[in-house]
Structure formats: C-alpha cells, structure tokens
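# A look at the structure
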Amino acid sequence: MAASDYDVAVVGGGLVGVATAWGLAREGCRVVVLDEGDRAVRASRGNFALVWVQSKGLGLAPYAGWTIRSSNAWAGFAETLKEETGLDVCFQRPGGFHLALSERELEARANNLKRLHNQPGIVDYKTEILDHAQVARMLPDIGPEVAGGSYCPLDGHVNSLRLFRTLHTAINARGVTYLPSHRVENIVKDGAEFRLATAHREIRANRVALAAGNANMHLAPMVGLECPMRPERGQIVVTERLRPFLRHPVVTLRQTDEGTVMIGDSKEERTDPAGLTLGVSATEAERAVRQFPLLANVNVVRTWSAIRVMTRDGFPIYDESESHPGAFTVCCHSGVTLAANHALAIAPMIARGALDKSLVAPFSARRFHVQEAG
Amino acid sequence: MFKRLAEAGAAVALTVDGKPVRAVSGDTVAAALLAAGIDHCRTTPVTGAPRAPYCLMGICFDCLVTIDGVGSRQACLVPVSEGMKVETQQGKREAGR
C-alpha cells in the first residue's frame, strides 16, 4: 500500500469543509482542503449567520436533536477557536424570534410549531408563542402590526465572516494544507487510496470528505454516494451601522455585533448568483419596516444575493460509501448552526473511519429511496 | 482654513449643534461647516475617529450629519436653508433618527 500524502482530503473550503478539517486536525489527521478559487459560488460568504434552532426538524424529527446538540456545543466551540487563534467570532445566544405581521401569520406559525412538536421522538426546545405585548417586553421597538411571534431561548447568532476567517486561521495553525484554485474534477479509488484530480495536480489521500455544498451532487457519484441538491437563491439587505437597539435576533432580521442590520430570508428557485431581484429586496425591506418602524429612514449600504446550499429535502446528508470505503459526505444547509457538530462530532467519526450510526443514521441519503418507493 | 470667494449671496442662518452658523444661499451644508471652521462633523461608528467633509461630491460619505432630525445625511449634497438644524454625529447612528 502506497503511503498517501494525506490521511483525509476535504473537498470544499467553505464553512462545512473548514469546520470538518479543523476537527480532523484536532484528531491528529494529516489533512488537505481542496477549494475552488475566489470566483467560486460560496455560500459561506453570503449567509445570514444565525445559529438557529426553532423550526428545525419538521419532517425529520432527529434533525431537531442534531441542531440542539450543535447549538449547545457552540459556546465551547467559539471559546476553543478563540484560544487557538485569538479571534472572537462574536457568538451570542440571547434567544431568537420569528415575528408574525398578522393574526393569520401567527396562527400559521403556531400550527407549524404544533406539528413539529407532535412528531414522535421530537426533542422539546421550549419555543413559545407570544402575543404582541409579550414580544414588546423583549423587543420594545416592534411596530403595531406585529401580532406576536414565537420565541426560542436556544437561538443565537454569530459573525459568520469572522467565523470563516477564524476557521481558516485555525486550520492553518494546525498544519492543515489549504489549496485554493484546486477544484476537484474527478475522484477514483486506487487500492486503499483515493486519487483526486485537479487542474494543477493529483492529490492522494486515504479518505475523502465531500464538503463541497451544492457541488456534492456531482462529486458524490464518483465515490458511490448520492447527494441530491436543489440550490436556491436568497437576498440580503444590509443597513448602515446603528447603535444597538435589537437584543434578540429575528429569523428575518438581526443586528450584528458591528451595528449593521441584516435583513432577508427570501427564497427564489433561481441559481444565478449575480444580480438582484429588486422586488424581493423591496419586500424584505418593507416587512422589516413594518416589524421595526424605526428602520424607516435608515440607509441601506449593501445588498447581495447568494446561493443557498440546499439538499433536496432541506435536511443534512451524512453518509459513508459502501462501494468506496473511506469516502464520506458532509452536506447541509445550515453550515453555521451545525459548524460545532461538524468540528466536534462528524470529524472524529471520519477520523475513526466510520460514522456513528446512533447519531447520524437518519441523515443518510438512503432516505430519498424510501420516499420514492413509498 | 477655508476662505470664501468674493461673490456673495443672501445670508442664511442655521444652527450646528445648537450654535448659530451663518451661511450663504447656495452653500451646501458641507461648505457651510467648512466655512464656519468646524473641523469635524462626525466620528466613525467603529473606532470613533473624527471625520470631515472630504470629496464634496457625494462619493466618500465622510460628511454624514443629522439634518432636521434625520441622521446620516450627506452634508455635501444638501443645500442650506433658513433655520436648518444640523447636528454632528457621534459614532453609530441611532435608529429612528
């Protein structure tokens, strides 16, 4: 058996890839991260930066428990990153809101939560429905149109660009080889090792972790896995920096540690990352002003669109290949929320060479076959 | 530091942080601030560094002030008017102002 250059090749240098790579390096693995160049369509540079629990798991109950596990691990994860790098990712967990702008929206919200909580095996994450007055006690600047909302004490947020930078700093400090502009074109298994073809050269590794976001769809079949994706586009509006007025993040609106307000949770079934649909930004801004009227004459300084990593059913996919032992998929929408799990739970499994089925069996892509057969 | 050219317009009275400032019709707020010898009109939201009107053509956003109660207006793009209340801006803007 040839000695491979690396124990593990992580394909993808976004948040999922670098969180996994950092976890692998902590387990003592020799790790290489193969990334695309600066022009890559990179969800990790465009996301909304919530560490979010409420609403997660409708349709797949174990996803709620998996999310809470990461949310609970987040403070320690952030602390460890700070010790290693000196960088603060500004993780806060003050509890978060989902606001309703009419009684109908509030009722729909309550019904959704009821359906979520009625699933067998669901973890109770203490989300409450609050009326206008109850919300106003915690968010005094809400407008009169806010009928109420749901509140979950486990919700939080982070500075996600700083998280991205911090993880890159951390993997560098731990000796991980980071290779930008090494888009993986092909993967073959040759004896005990994987050979990953890039335009520059071939990389050899004993194991492969596919963490390439929507591109996993094309990479997974090369190692006998599948990763069905349906990317979607989201748009974000950012205001000038304001004095702190919003103590809790709202799922559609949050004030960052630096004072800007980020607005947006739009979904479009288009995957062109360039340009904006102005009507979408306008709607986001209009709803934001109805939620918080004091934003009415605040200046917008940036808008952008970004492509969400989204599996076909929206839930994570963690798999190991039967035909190509040593190949794994690490794929999900919520790369910020689940970063602690990827670093502290998934990476050690990959380092040991086998996923812990008791934790991640529900997230195998085999679930798609069950649905299609049924 | 700045001296007005000879041609004069009608006098316009405004206040900056409550103090009377005399400007000339046709001045922008930024020109009036500079002519009055006000050496900075805001401090930055992050480090608190002082900033003054710079590009005078709407590009640099360094001349942000509160005008008649509305924050983060570009002083170089707003002409002065009689009785205008200008306030310098300290750090982050307050939402709702």
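Note that the structure is a prediction, hence the values are computed from the model and not measured.

Moving on to the interface of chain B and chain A. Listed by partner, the interface residues are nine residues for chain B and twelve residues for chain A. Its residues assigned to classes, the side of chain B that touches chain A shows four nonpolar, two polar and three charged.

A separate point is the sheet that holds strand S14 (residues 261-263) of chain A. All names here are of chain A. The four strands are arranged S13-S14-S12-S15 in an open sheet whose pairing can be described as antiparallel. Here the strands that pair on one side only, and so sit at the sheet edges, are strand S13 (253-255) and strand S15 (300-308). Taken pair by pair, the neighbouring strands of this sheet meet at an average axis angle of 20 degrees, ignoring direction. Direction of pairing for strand S12 (residues 232-239) relative to S15: antiparallel, over a ladder of eight bridges. Within S15, the residue paired with valine 238 across the bridge is arginine 302. Sheet contacts for helix H7 (residues 278-291): S12, S13, S14 and S15; angle to S12, the most-contacted strand, approximately 50 degrees.

Attention now goes to the nonpolar core. Formed by 111 residues in total, the largest nonpolar core has its most connected members in Ala9(A), Val11(A), Val31(A) and Val208(A). It is helix H8 (residues 339-352) of chain A that provides the largest number of residues to this core, a total of nine residues. Ignoring sequence-local partners within four residues, the contact set of Val11(A) consists of Leu34(A), Val184(A), Val208(A), Ala209(A), Leu210(A), Ala211(A), Ala212(A) and Leu219(A). Counting 20 residues, the second largest nonpolar core, distinct from the first, contains Val16(B), Val21(B), Val29(B) and Ala32(B).

Residues and elements named next belong to chain A. The buried fraction of S12 amounts to six of the eight residues, a majority that puts the element mostly inside the structure. The pairing of S12 with S14 spans two bridges and is antiparallel. What sits directly across from valine 238, in S14, is methionine 262.

A few words on unusual backbone geometry. You will see that Lys126(A), though not glycine, has its phi angle at about 60 degrees, which is positive. Residue position: Lys126(A) is located in the loop between helix H3 (103-117) and strand S5 (128-131). With a phi close to 55 degrees, Ser72(B) is a non-glycine residue in the positive phi region. By secondary structure assignment, the location of Ser72(B) is in strand S6 (residues 70-74). We classify Ser72(B) as buried; it has 22 C-beta atoms within 10 Å.

By the assigned domains, chain A splits into domain 1 (6-51 + 161-228 + 313-373), domain 2 (96-153) and domain 3 (232-308). Computed from C-alpha atoms alone, the centre-to-centre distance between domain 1 of chain A and domain 2 of chain A is 35 Å.

Thresholds applied
- Residues numbered from 1 in each chain as written.
- Chains lettered and ligands numbered in written order.
- Predicted model: local features only at pLDDT ≥ 70, side-chain atom pairs only at ≥ 80, totals over all residues.
- Contact = placed C-beta atoms within 7 Å.
- Nonpolar A, V, L, I, M, F, W, Y, C, P; charged D, E, K, R; others polar.
- Pairing = 2+ DSSP bridges.
- Helix = DSSP H or I, 4+ residues; strand = E, 2+ residues; numbered from the N terminus.
- Axes fitted to C-alpha atoms, helices over the stretch in contact; angles between N-to-C directions.
- Core = buried A, V, L, I, M, F, W, Y, C linked by C-beta atoms within 7 Å.
- Buried ≥ 20, exposed ≤ 12 C-beta atoms within 10 Å, placed from the backbone.
- Domains from an automatic or database assignment.

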